[in-house]
Amino acid sequence: MQGKDGEQLTLDLDNIPKHIAIIMDGNGRWAKKRGLPRVAGHRAGMKTVKEITRAADDIGVKALTLYAFSTENWKRPKDEVEYLMRLPQEYLLTELKELIEQNVQVRMLGNKDQLPDYTIKAVLEAQEKTKNNTGLILNFALNYGSRDEMLHAIRCIADEVKKGNLDVEGITEKAMERHLFTVGLPDPDLLIRTSGEVRLSNFMLWQLAYSELYFSEVYWPDFNRDEFYKAIYEYQHRNRRYGGV
Ligand code: V0D
């Protein structure tokens, strides 16, 4: 991989982040810059999902979580939402076979309730057909909001306390984590957000407490293997302190 002055950047394969989360931002701006409709940006963004999934798998990343649709995204024009909701089906129609061959396990985080049937059906089928795979865990955050996720966990815990199955001292980080959508996954080591915005936008607020944050100026459809490895290279050259000194 090449750095910006053409020097060689080498990744340390013994220090690959186990879990990488990505906010895939900039599809609309990418399209606008080209005089294309926003949906053309989403379509181009799907190709990047394929490329980054492969790039992550190739260097032994254990889990990749992609923010595909937030609870806020319902406010977008109806046509655009409808288009987005067809993407999982379309993605899986062409990619599921290859994901199975790659030993990838597909999962979803988020609230399934408000999603159209055809969206859920596609995701559930992918989950079912890949559930015994032991390679990369590919998590799609769909209709996901972190505050929602935490409220849901807190309500479950409150219910356990109310029913007498848990005492107040039992309300621990572990108890919270049992009720988050990410149960069983390690926290992300690295968060990447593309397209120059420097915010978390209600994404994995609990899980990102100690993560390294990396912001790229590149629009998601232009993000590629090289940009991805640059983020990991930077991660490997930071000192992680986990709250210590
Ligand atoms: C649009 C850029 C893949 C971000 C990528 C419903 C916005 C392309 C999926 C996908 C979206 C989801 C679940 C699954 C398989 C694939 C996807 C949405 C948007 C929102 F099991 N790309 N993609 N889902 N975009």
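Here the structure is a predicted model, which is why all the values come from computation and not from measurement.

**Some points on the nonpolar core**
- Counting residues in hydrophobic clusters, the biggest one holds 47 residues, and the most contacted among them are Ile-20, Ile-22, Leu-64, Ile-192, Phe-228 and Ile-232.
- Beyond its immediate stretch of four places on either side in the chain, Ile-192 contacts Ile-20, Ala-21, Ile-22, Ile-23, Tyr-214, Phe-223, Phe-228 and Ala-231.
- Grouped together as the second largest cluster of nonpolar side chains are ten residues, Ala-21, Ile-23, Tyr-67 and Ala-141 included.

**Notes on the site of the ligand**
- Around the ligand there are 17 residues in total, and Asn-27, Leu-84, Tyr-91, Phe-140 and Leu-142 lie nearest to it.
- For the ligand, the protein covers 98% of the area, taking 530 Å² as the surface of the free molecule.
- Of all the elements in the fold, those that place two or more residues in the shell around the ligand are helix H2 (38–58), strand S2 (63–70), helix H3 (78–101) and strand S4 (137–144).
- In terms of residues, the shell around the ligand owes the most to one element, H3, which gives five residues.
- Its residues assigned to classes, the shell around the ligand comprises 14 nonpolar, three polar and no charged.

**Things to note about the confidence of the model for the protein chain**
- The pLDDT averaged across the protein chain works out to 96; a share of 100% of its residues lies at or above 70.
- Across the protein chain, element-level confidence peaks in strand S1 (residues 19–23) with a mean pLDDT of 99 and bottoms out in H3 with 97.

**What about the environment of Leu-36?**
- Its place among the elements puts Leu-36 in the loop between helix H1 (27–33) and H2.
- What Leu-36 contacts, discounting residues up to four positions off in sequence, is Trp-30 and Ala-31.

**Here's the deal with the side chain of His-19**
- Its location among the elements puts His-19 in strand S1.
- Not counting the four nearest positions on each side in its chain, His-19 is found in contact with Ala-63, Leu-64, Thr-65, Leu-185, Pro-186, Asp-187, Pro-188, Asp-189, Leu-190 and Met-204.

**Points about the pairing of S1**
- Judged by how many residues are buried, S1 sits mostly within the fold: five of five residues are covered.
- Burial of the side chains of S1 extends over both faces: His-19, Ala-21 and Ile-23 are buried on one face and Ile-20 and Ile-22 on the other.
- Where S1 lies against S2, five bridges are found, and the strand directions are parallel. Within the sheet, the bridge partner assigned to Ile-23 lies in S2 and is Tyr-67.
- Relative to strand S5 (residues 190–193), S1 runs parallel, the two sharing four bridges.

**Concerning the packing of H2 against helix H7 (residues 225–236)**
- It is the contact of H2 with H7, at a shortest axis distance of 9 Å, that shows an interaxial angle of 45°. With respect to each other, H2 and H7 are oriented oblique. Taken as a pair, H2 and H7 cross one another with a handedness that is right-handed. Facing H2, whose interface residues are Glu-51, Ile-52, Arg-54, Ala-55, Ala-56 and Asp-58, H7 presents Arg-225, Phe-228 and Tyr-229.
- Looking at side-chain class alone, the contact of H2 with H7 contains five nonpolar, no polar and four charged residues.

**Here we look at the packing of aromatic side chains**
- All told, the structure shown has eight aromatic pairs when counted by the stated rule.
- With a centroid separation of 6.0 Å and an interplanar angle of 70°, the aromatic rings of Tyr-91 and Phe-140 are classed as edge-to-face. Here Phe-140 lies in strand S4 and Tyr-91 lies in helix H3, a separation of 49 residues in the sequence.
- Residue classification places Phe-140 among the buried residues on the basis of a relative accessible area of 15%.
- Ring centres 5.5 Å apart and planes at 20° place the aromatic pair Trp-220 and Phe-223 in the stacked group.
- What links up through ring pairs into an aromatic cluster is the set Tyr-67, Tyr-144, Phe-181 and Phe-203.
- If you follow Arg-86 out to its NZ or CZ, it ends over the ring of Tyr-118, 3.7 Å from the centre.

**So, the sheet that holds S5**
- Sheet architecture is open: six strands sit in the order S3-S4-S2-S1-S5-S6, paired in parallel fashion. Each edge of the open sheet carries a strand with a single partner, namely strand S3 (105–109) and strand S6 (212–215). Sheet twist, expressed as the mean angle between neighbouring strand axes with direction ignored, is 20°.
- Relative to S4, S3 runs parallel, the two sharing five bridges. Bridge pairing in S4 links Gln-105 to Ile-137.
- In the packing of H7 onto the sheet, the strands contacted are S1, S5 and S6, and the crossing angle to S5 comes to about 140°.

Conventions and cut-offs
- Residues numbered from 1 in each chain as written.
- Predicted model: local features only at pLDDT ≥ 70, side-chain atom pairs only at ≥ 80, totals over all residues.
- Heavy atoms only, no water.
- Core = buried A, V, L, I, M, F, W, Y, C linked by side-chain atoms within 4.5 Å.
- Buried < 20%, exposed > 50% of the residue type's maximum accessible area, 1.4 Å probe, protein only.
- Contact = heavy atoms within 4.5 Å.
- Near = heavy atom within 4 Å.
- Areas by Shrake-Rupley, 256 points an atom, 1.4 Å probe, with all protein chains shown as cover.
- Helix = DSSP H or I, 4+ residues; strand = E, 2+ residues; numbered from the N terminus.
- Nonpolar A, V, L, I, M, F, W, Y, C, P; charged D, E, K, R; others polar.
- pLDDT = per-residue confidence, 0-100.
- Pairing = 2+ DSSP bridges.
- Axes fitted to C-alpha atoms, helices over the stretch in contact; angles between N-to-C directions.
- Parallel < 35°, antiparallel > 145°, perpendicular 65-115°, else oblique.
- Left-handed = near helix turned anticlockwise from the far one by under 90°.
- Phe/Tyr/Trp six-rings, centres within 6.5 Å; stacked < 30°, edge-to-face > 60°.
- Lys NZ or Arg CZ within 6 Å of the ring centre and 35° of its normal.

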